[in-house]
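# Per-entry structural report
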Amino acid sequence: MREQTLQMLFHVVFLSQVLLVSFYLPRKILGLVQHVVEKYPPSRYPKLYPVSLDVAEKAQRNYWNLNLVVLAVGMALLLISVLSPTEEMLDWNTTLVLTIYLMVQLLPAMIFIWSNPGFTYFNLKRTVDSTTTRRADLHRRRLVDFVSPTLLRTAIFVYLAFILFVAYVGQFKFPWFGGYLNVVSLTAMNLFFLGLAMRQVYGKKKDPYQASEDRMRQLELLVSTLVLVSIGATLYGTLQIGLQALEWDALTGIATSLYYQLLAVVSLREFRIDGVNFEVYREDPMATALE
Amino acid sequence: MQIAIDIEDPVPLFAQLIGQIKNAVLRDSLRPGDALPSIRQLANDLELNNKTVAKAYRLLERDSVIQTKGYRGTFVHPNAKANSAFDLNALVVTKLNKTIKALRDVGATDSEIRIAFGDLMSRRGN
């Protein structure tokens, strides 16, 4: 009975993942894009549109359609799982299936980013940028300027606690336990995030027109999101090991799906536009005067 | 505090950078002890070669407008304001003008002055 309840709960949570990541979030993102197009149209803010609106709209349609296909795949997976007599999804490994499905859910966004006009959006902006003046702030940027000390201390504490936890669980010699490989994986992930953050903080400006304040705000959002994801991943790793050690395997699928949904919601922070200075994308006043 | 450089201005980019930083110091937009961006950060922000920014920083350090403290970074010199008001290039031009005038007064031709100057500069380099 308990297993049935947990299985039902898992199906509800998985349904939530399917709808959240492949329907609600894409709808929200496209709504945001539409809002920007309506409020800041190409006729008055040409620098925001390095490609024609038709091309951008086509890319948006493709993005939405791909998400619908992935949604259908998710529903099919859910139906198979509900009708299947086994606890594990596709009679395989639930966590693995959920992870692969999440990768599939992220595909539409990846395709959009890595294809024209997604990936080349900023490069196109640089190509059409005809200004010869370049601006920069004369104050030093440090990585720690973009994340609260409390959040950073929490991330470090959680990471160190995880290492101690792994050392503790290692004593019990569970056959499934990967031992310090877990620490290596987590460290590799954290180093990757660190590299990503440093590249954004110290690297070239992606958007040649972006106002300085907006860039700082975006960096703060990015760095704090990466730290939050690091904390989330560490806690998730701890939870997974704990659940397996206590032989509560039925909960691992639920925990995994909830974690992925949390990641998706946190990543939506990157799409905020409130407070962004769109005036920098207006027609060049000098060019207008010369016409 | 923002600076702006024009990549099509006939004034060399490193000279524009030096001028802008000195102006910022003279206007009190930059104060003694303020941390300046690293060479890499400023080069990336302005989309310039690292060497251009490095040259500007080197010359500013020579003029004691900024000081580099190793891994801690680059900071505005304690006497930056006074040192920014001093224009070394203007001094070079003034001194050279005086010397060239004096040499012409004694009858030296421009060609003789040019050759002698070139020889002396080469010898100093060796």
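Residues numbered from 1 in each chain as written. Chains lettered and ligands numbered in written order. Predicted model: local features only at pLDDT ≥ 70, side-chain atom pairs only at ≥ 80, totals over all residues. Heavy atoms only, no water.

Time to look at the packing of aromatic side chains. Taken as a whole and judged by the stated rule, the model has 14 aromatic pairs over all chains. Taking 5.1 Å as the distance between ring centres and 85° as the angle between the ring planes, the aromatic pair formed by A:Tyr40 and A:Tyr45 counts as edge-to-face. Overall, the relative accessible area of 12% leaves A:Tyr40 in the buried class. Between A:Tyr236 and A:Tyr259, the ring centres sit 4.2 Å apart and the planes meet at 5°, which makes this aromatic pair stacked. Of the two residues, A:Tyr236 is situated in helix α7 (residues 212-245) and A:Tyr259 in helix α8 (residues 250-267); the sequence distance between them amounts to 23 residues. Here A:Tyr236 and A:Tyr259 have matching classes, each one buried. A connected cluster of aromatic rings, assembled from ring pairs, spans A:Tyr168, A:Phe172, A:Phe174, A:Trp176 and A:Phe177. The ring of B:Phe14 is capped by B:Lys55, whose NZ or CZ atom sits 4.1 Å from the centre of that ring. Above the face of the B:Phe75 ring, B:Lys69 is positioned so that its terminal group lies 5.0 Å from the ring centre. (Phe/Tyr/Trp six-rings, centres within 6.5 Å; stacked < 30°, edge-to-face > 60°. Buried < 20%, exposed > 50% of the residue type's maximum accessible area, 1.4 Å probe, protein only. Helix = DSSP H or I, 4+ residues; strand = E, 2+ residues; numbered from the N terminus. Lys NZ or Arg CZ within 6 Å of the ring centre and 35° of its normal.)

Next up on the list: helix α2 (residues 39-46) of chain B. Of all eight residues that make up α2(B), six are buried, and the element is covered over most of its length. Buried residues along α2(B) sit against β1 (133-137), α6 (181-202) and α7 of chain A together with β1 (2-6), α1 (13-26) and α3 (50-62) of chain B. (Contact = heavy atoms within 4.5 Å.)

Take α8(A) next. Residues and elements named next belong to chain A. Taking 1.5 Å of rise per residue, the 18 residues of α8 would be expected to cover 26 Å, and the 27 Å separating its terminal C-alpha atoms lies within 8% of that figure. What α8 keeps buried is the set Thr252, Gly253, Ile254, Ala255, Thr256, Ser257, Tyr259, Tyr260, Gln261, Ala264 and Val266. On the buried face of α8, the contacting elements are α1 (2-39), α3 (94-114) and α7. (Expected span 1.5 Å × (residues − 1).)

Moving on to the nonpolar core. If you look at the biggest cluster of nonpolar residues, it comprises 26 residues, and the most contacted ones within it are A:Phe14 and A:Met89. When residues of this core are traced back to their parent elements, those giving at least two are α1, α2 (53-83), α3, α5 (149-170), α6, α7 and α8 of chain A. The element that contributes the greatest number of residues to this core is α1(A), accounting for five residues. Two domains each donate at least three residues to this core, and these are domain 1 (1-125) and domain 2 (139-272) of chain A. Every residue in contact with A:Phe14, bar those within four places of it in the chain, is listed here: A:Gly74, A:Leu77, A:Leu78, A:Met89, A:Leu98, A:Tyr101 and A:Ser257. Of all hydrophobic cores here, the second largest spans 24 residues; its members include B:Leu42, B:Leu60, B:Val65 and B:Ile66. (Core = buried A, V, L, I, M, F, W, Y, C linked by side-chain atoms within 4.5 Å. Domains from an automatic or database assignment.)

Facing 25 residues of chain B, the contacting portion of chain A comprises 17 residues. Summed over both partners, the interface of chain B with chain A buries about 2100 Å², with 49% contributed by carbon and sulfur atoms. Its largest share of buried area at the contact with chain A, chain B owes to B:Gln41, B:Asp45 and B:Glu47, together 29% of the area lost on that side. Where chain B packs against chain A, one counts two salt bridges. Here B:Asp45 makes a salt bridge to A:Arg215, at a shortest N to O gap of 3.0 Å. On inspection of chain B and its partner chain A, the count reaches twelve residue pairs in polar contact (both at pLDDT 80 or more). Elements that contribute at least two residues to the side of chain B that touches chain A include exactly β1, α1, β2 (35-36) and α2 of chain B. Of the residues that constitute the side of chain B that touches chain A, the class distribution is 15 nonpolar, four polar and six charged. By the bridge criterion, five bridges tie β1(A) to β1(B) in an arrangement that is antiparallel. (Buried area = accessible area lost by both parts, 1.4 Å probe. Salt bridge = Lys/Arg side-chain N within 4 Å of Asp/Glu carboxyl O. Polar contact = N/O pair within 3.5 Å; in protein donor to acceptor, adjacent residues only side chain to side chain. Nonpolar A, V, L, I, M, F, W, Y, C, P; charged D, E, K, R; others polar. Pairing = 2+ DSSP bridges.)

Moving on, we come to the environment of B:Thr109. Among the secondary structure elements, B:Thr109 is positioned in the loop between α5 (88-105) and α6 (110-125). With a relative accessible area of 40%, B:Thr109 lands in the partly exposed category.

With that settled, the discussion passes to the domain arrangement of chain A. Residue and element names in this part refer to chain A. Splitting chain A by domain gives domain 1 (1-125) and domain 2 (139-272). Between the C-alpha centres of domain 1 and domain 2 the distance comes to 22 Å. Taken over both partners, the interface formed by domain 1 and domain 2 buries close to 1900 Å², and the fraction arising from carbon and sulfur atoms is 75%. There are zero salt bridges connecting domain 1 and domain 2. Our enumeration of links across domain 1 and domain 2 arrives at four residue pairs in polar contact (both at pLDDT 80 or more). Going through the elements one at a time, α1, α3 and α4 (121-128) are the ones with two or more residues in the side of domain 1 that touches domain 2. Examining the composition of the side of domain 1 that touches domain 2, we find that 13 residues originate from one element, α1, more than from any other. Taken together, the residues that form the side of domain 1 that touches domain 2 break down as 13 nonpolar, five polar and three charged.

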